[in-house]
Amino acid sequence: MRKIAIAADHAGFEYKEFLKKELSAEFEIQDFGTQSIDSVDYPDFVHPAATSVENGENEFGILICGSGQGVQLSANKHQGIRCALAWMPDIAELSRQHNDCNMVAIPARFIAKEFALEIVRKFLSTEFEGGRHNERVRKICF
């Protein structure tokens, strides 16, 4: 079973719980928190999740906060992480096909939970195309 990391701040907590429930039959999910809607600092949860993807403990990661921006920025501080902010399935698909992204950031305050699930499913089911994109990805991860 493929392993994925998941983390959220208080704004993304309910989405995190929803996504875990919906994906748990297909994936082994490691939850890095938060565990409530109490206000927290998202980097405290994002950095351990990103490290787990970076070191191969998890294949992919899902991050959720209000806008998706904060979690994406935090994850992308890691050398081995390419985290895309996705607000629609096509963005998630292209982030995998062209950028070989290994984490996706979801903006909980701007999309419905069911749409977030659609985005995540598209992200997790799309393969990297390689080819002409290999050199571009290499330049991202210099």
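In short, a report on the structure. The model shown is predicted, which means the values in this text are computed figures rather than measured ones. Chains are numbered independently. Their residues run from 1 in the order of the written sequence. Totals for whole chains, interfaces and linings use all residues, but because this is a predicted model, local features are given only for residues with pLDDT of at least 70 and pairs of side-chain atoms are given and counted only at 80 or more. Excluded from the side-chain calculations are hydrogens and water; all other atoms, namely the structure's heavy atoms, are used.

**Things to note about the nonpolar core**
Note the cut-off: To form a nonpolar core, buried Ala, Val, Leu, Ile, Met, Phe, Trp, Tyr and Cys residues must be joined to one another through side-chain atoms within 4.5 Å. Here the term buried applies to any residue with accessible area under 20% of the maximum for its type, exposed to any over 50%, and partly exposed to those in between, with areas from a 1.4 Å probe on protein chains only. In this description a helix means any DSSP run of H or I spanning at least four residues, a strand means any run of E spanning at least two, and both kinds are numbered starting from the N terminus. By definition, residues are in contact when any of their heavy atoms lie within 4.5 Å.
If you look at the biggest cluster of nonpolar residues, it comprises 25 residues, and the most contacted ones within it are Leu-19, Leu-23, Ile-62, Ile-64, Ile-106 and Leu-124. In terms of residues, this core owes the most to one element, helix 5 (residues 113–125), which gives six residues. Setting aside residues up to four positions removed in sequence, Leu-23 forms contacts with Ile-4, Ile-29, Ile-62, Leu-117, Val-120, Arg-121 and Leu-124. Formed by 17 residues, the second largest nonpolar core is a distinct cluster that contains Ala-5, Ala-7, Val-53 and Leu-85.

**As for the state of the cysteines**
In protein structure, a disulfide is the covalent linkage between the sulfur atoms of two cysteines. Test applied: Cysteine sulfur atoms that come within 2.5 Å of each other are treated as a disulfide pair.
In total, this model carries zero disulfides according to the counting rule given. The closest cysteine sulfur to the non-disulfide-bonded Cys-83 is located on Cys-101, 7.1 Å from its own sulfur. Residue Cys-83 is classed as buried on the basis of its relative accessible area of 5%. Cys-101 sits in the buried class, given a relative accessible area of 7%.

**What to know about the sheet that holds strand 2 (residues 27–31)**
Note the threshold: When DSSP finds two or more bridges between two strands, those strands count as paired. Each axis is a line fitted through C-alpha atoms, and for a helix only the stretch in contact is used; angles between axes span 0 to 180 degrees, taken between their N-to-C directions.
Here five strands make up an open sheet; going across it, the order is 2-1-3-5-4 and the pairing parallel. Because the sheet does not close on itself, it has two edges, and the strands there are strand 2 and strand 4 (83–85). Across the sheet, the mean angle from the axis of one strand to that of its neighbour is 25°, orientation sign disregarded. Relative to strand 3 (residues 60–65), strand 1 (residues 2–8) is paired through five bridges, and the arrangement is parallel. From the neighbouring strand, Ala-7 faces strand 3, where its bridge partner is Leu-63. Where helix 1 (residues 13–23) meets the sheet, it contacts strand 1, strand 2 and strand 3, and its direction lies at approximately 165° from that of strand 1. Across the sheet, helix 2 (residues 43–54) lies against strand 1, strand 2, strand 3 and strand 5 (103–107), angled at about 165° from strand 1, the strand it touches most.

By themselves, these figures tell us nothing about what the structure is for.
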